[in-house]
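Residue-level listing of the chains:
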Amino acid sequence: DTAVSQTPKYLVTQMGNDKSIKCEQNLGHDTMYWYKQDSKKFLKIMFSYNNKELIINETVPNRFSPKSPDKAHLNLHINSLELGDSAVYFCASSQGRAASSYEQYFGPGTRLTVT
Amino acid sequence: AQSVTQLDSHVSVSEGTPVLLRCNYSSSYSPSLFWYVQHPNKGLQLLLKYTSAATLVKGINGFEAEFKKSETSFHLTKPSAHMSDAAEYFCVVSEGNTGFQKLVFGTGTRLLVSP
């Protein structure tokens, strides 16, 4: 069974479109994250939710809006896509919100290409 | 702010020879440090973590890392490389207080293993 799953795996779209990426975890964790990995493999956190509450919101354009309908899901909606949004987006989850104490489990990633 | 510096963007070794991936950290207090591995087109997996217990930390797949406060280093080693070790390795530090911790990633080191 896949612990952290993301759909779709690949997403190719045009500038200006709106798209969503879905993430689900079946580990019973209460904290979920979205990370962005750029073309140079640099990985940076975007958002973190704990029990459906937003606890980390990095300096991300407000075109990006996370939504957590329940503890097992954290979706990422992106409005008005730009070329610079092209990246691999990773979802992750952990048992608790203390990053030093709880291992984060990563999904396989969604490769977004904006043309 | 906490940060990590991975000194090598690429490391090439022959199968059966030792692996050394270097990481230096910057932290105003005793940090929690991690090594994550990313195999091609896969999500990230935790190799090992240091959280102020034993300074020599053993991880999965024969990897280990030693926390050296005097050198502000957390280098990753393995006595004998295997072809399956070829991947991207990230040194990571946790930042923030318990309620709002986040992981800060280094820029990654690509490990190449030749037969």
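Residues numbered from 1 in each chain as written. Chains lettered and ligands numbered in written order. Predicted model: local features only at pLDDT ≥ 70, side-chain atom pairs only at ≥ 80, totals over all residues. Heavy atoms only, no water.

Now for the overall build of chain B. When you go through chain B residue by residue, the secondary structure sums to zero helices and 12 strands. From first element to last, N terminus to C terminus, chain B shows the α and β order β-β-β-β-β-β-β-β-β-β-β-β. Radius of gyration (C-alpha) of chain B: 14 Å, near the 13 Å computed for a compact globule of 115 residues. Looking at chain B as a whole, 47% of its 115 residues qualify as buried. Across chain B, every contact between residues at least 6 apart in sequence was considered, and the portion connecting residues at least 24 apart equals 56%. Only carbon and sulfur atoms are counted for the fraction: they give 54% of the accessible area of chain B, which is about 5,400 Å². The distance from the centre of the 9 positive side-chain charges to the centre of the 8 negative ones in chain B is 5 Å. (Helix = DSSP H or I, 4+ residues; strand = E, 2+ residues; numbered from the N terminus. Rg over C-alpha atoms; globule rule 2.2 N^0.38 Å. Buried < 20%, exposed > 50% of the residue type's maximum accessible area, 1.4 Å probe, protein only. Contact = heavy atoms within 4.5 Å. Areas by Shrake-Rupley, 256 points an atom, 1.4 Å probe, with all protein chains shown as cover. Lys, Arg positive; Asp, Glu negative; His and termini not counted. Charge placed at Lys NZ, Arg CZ, Asp CG, Glu CD.)

Time to look at the packing of aromatic side chains. Ring pairs (aromatic) are described by centroid distance and by the angle formed between their planes. The tally for this structure, following the rule as stated, stands at 13 aromatic pairs over all chains. Judged by centre distance (5.6 Å) and plane angle (80°), the rings of Y35 of chain A and F105 of chain B are edge-to-face. With one member in each of two chains, Y35 of chain A in strand β4 (residues 31–37) and F105 of chain B in strand β11 (residues 102–105) form a pair that bridges those chains. Like F105 of chain B, Y35 of chain A is buried. Geometrically, the ring pair formed by F106 of chain A and F105 of chain B is edge-to-face, given 6.4 Å between the ring centres and 90° between the ring planes. Here F106 of chain A is found in strand β10 (residues 105–106), whereas its partner F105 of chain B is found in strand β11 on a different chain. Judged on exposure class, the residue F106 of chain A and its partner F105 of chain B are both buried. Following the ring pairs from residue to residue traces out a cluster consisting of Y33, Y35 and F106 of chain A together with F34, Y36, F90 and F105 of chain B. (Phe/Tyr/Trp six-rings, centres within 6.5 Å; stacked < 30°, edge-to-face > 60°.)

Bringing the side chain of Q38 of chain B into the picture now. Here Q38 of chain B is to be found in strand β5 (residues 33–38). For Q38 of chain B, a relative accessible area of 6% translates into the label buried. Polar side-chain contacts of Q38 of chain B include one of 3.0 Å to the side chain of Q37 of chain A. In this view, Q38 of chain B contacts Q37 and F90 of chain A together with G43, L44, A87, E88 and F90 of chain B; residues no more than four positions away in its chain are not counted. (Polar contact = N/O pair within 3.5 Å; in protein donor to acceptor, adjacent residues only side chain to side chain.)

Here the focus is the interface of chain B and chain A. Interfaces are often sized by the amount of accessible area the parts lose when they come together. Contacts between the two partners involve 24 residues from chain B, matched on the other side by 23 residues from chain A. For the chain B and chain A pair, buried surface summed over both sides reaches about 1,900 Å², with 54% attributable to carbon and sulfur atoms. Of all residues in chain B, Q101, K102 and F105 of chain B give up the largest surface area on contact with chain A, accounting jointly for 26% of the area buried on that side. Between chain B and chain A we count one salt bridge in total. One salt bridge in this structure joins E58 of chain A and K102 of chain B, with 2.7 Å as the shortest N-O distance. Along the contact surface separating chain B from chain A lie two residue pairs in polar contact (both at pLDDT 80 or more). (Buried area = accessible area lost by both parts, 1.4 Å probe. Salt bridge = Lys/Arg side-chain N within 4 Å of Asp/Glu carboxyl O.)

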